[in-house]
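The chain contents come next:
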Amino acid sequence: FVKFPLELNMTPYTCDSIYQDQSTNRGVNPISNEYQLFSLVTHFGNMENGHYISYIRHPRAMWVKCDDAFITKTSVETVLKTQGYLLFYIKKHLC
């Protein structure tokens with residue numbers, strides 16, 4: 001089981017961190033590389049067969065569980081307890 005965050009700051013892992021340090025000294029807005037989790041897919045089963053369930057963050061700050069034809073509300077705590085197979089992040093602030 002691997003824990004995953006709701007938010008990621010990728011700036012330390014990009015060359016933008018160099019430019020951000022330089023631009024801060026000149027009064028320029030820093031470059032943002034912050035991301036929010038907006039969807040994830042889980043898988044139950046094995047390599048030969050199984051079942052996929054997806055969780056999607058609704059714009060109104062709630063999470064929904066999509067399990068075939070059944071779509072239900074769920075909590076962020078439930079989402080964070082799942083075993084994420086695929087994680088999808090979206091940039092927090094678009095330039």
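Keep in mind the model is a prediction, meaning the values are calculated, not measured.

Analysis parameters
Residues numbered from 1 in each chain as written. Predicted model: local features only at pLDDT ≥ 70, side-chain atom pairs only at ≥ 80, totals over all residues. Heavy atoms only, no water. Helix = DSSP H or I, 4+ residues; strand = E, 2+ residues; numbered from the N terminus. Contact = heavy atoms within 4.5 Å. Areas by Shrake-Rupley, 256 points an atom, 1.4 Å probe, with all protein chains shown as cover. Buried < 20%, exposed > 50% of the residue type's maximum accessible area, 1.4 Å probe, protein only. Salt bridge = Lys/Arg side-chain N within 4 Å of Asp/Glu carboxyl O.

We now examine the overall build of the chain. If you tally the helices and strands in the chain, you get two helices and six strands. Going from the N terminus to the C terminus, the chain shows its helices and strands as β-α-β-β-β-β-α-β. A fraction of 54% describes how many contacts in the chain between residues 6 or more apart in sequence connect residues 24 or more apart. With the model as given, the accessible surface of the chain reaches about 7300 Å², and the carbon-plus-sulfur share is 57%.

To continue, consider unusual backbone geometry. The phi angle at Asp68 is positive, at roughly 55°, despite the residue not being glycine. Summarising the element assignment, Asp68 is placed in the loop between β4 (62-67) and β5 (70-74). Residue classification places Asp68 among the exposed positions, given a relative accessible area of 62%.

As a further point, take the pattern of salt bridges. Applying the stated rule across the entire model yields two salt bridges. Close ionic contact of Lys92 with Glu7 constitutes a salt bridge, the shortest N to O distance being 3.4 Å. Placement of the pair is Lys92 in the segment after β6 (84-91) and Glu7 in strand β1 (residues 7-9), with a sequence separation of 85 residues. Owing to a relative accessible area of 45%, Glu7 belongs among the partly exposed residues under this scheme. Residue Glu34 is joined to Lys92 by a salt bridge in which the shortest nitrogen-to-oxygen separation is 4.0 Å. With Glu34 in strand β2 (residues 34-45) and Lys92 in the segment after β6, the pair connects residues that are 58 residues apart, well separated along the chain. The class of Glu34 is partly exposed, set by a relative accessible area of 28%. Overall, the relative accessible area of 30% leaves Lys92 in the partly exposed class. A single salt-bridge network, built from bridges that share partners, covers Glu7, Glu34 and Lys92.

Note that all results are geometric; they support no functional claim without further evidence.
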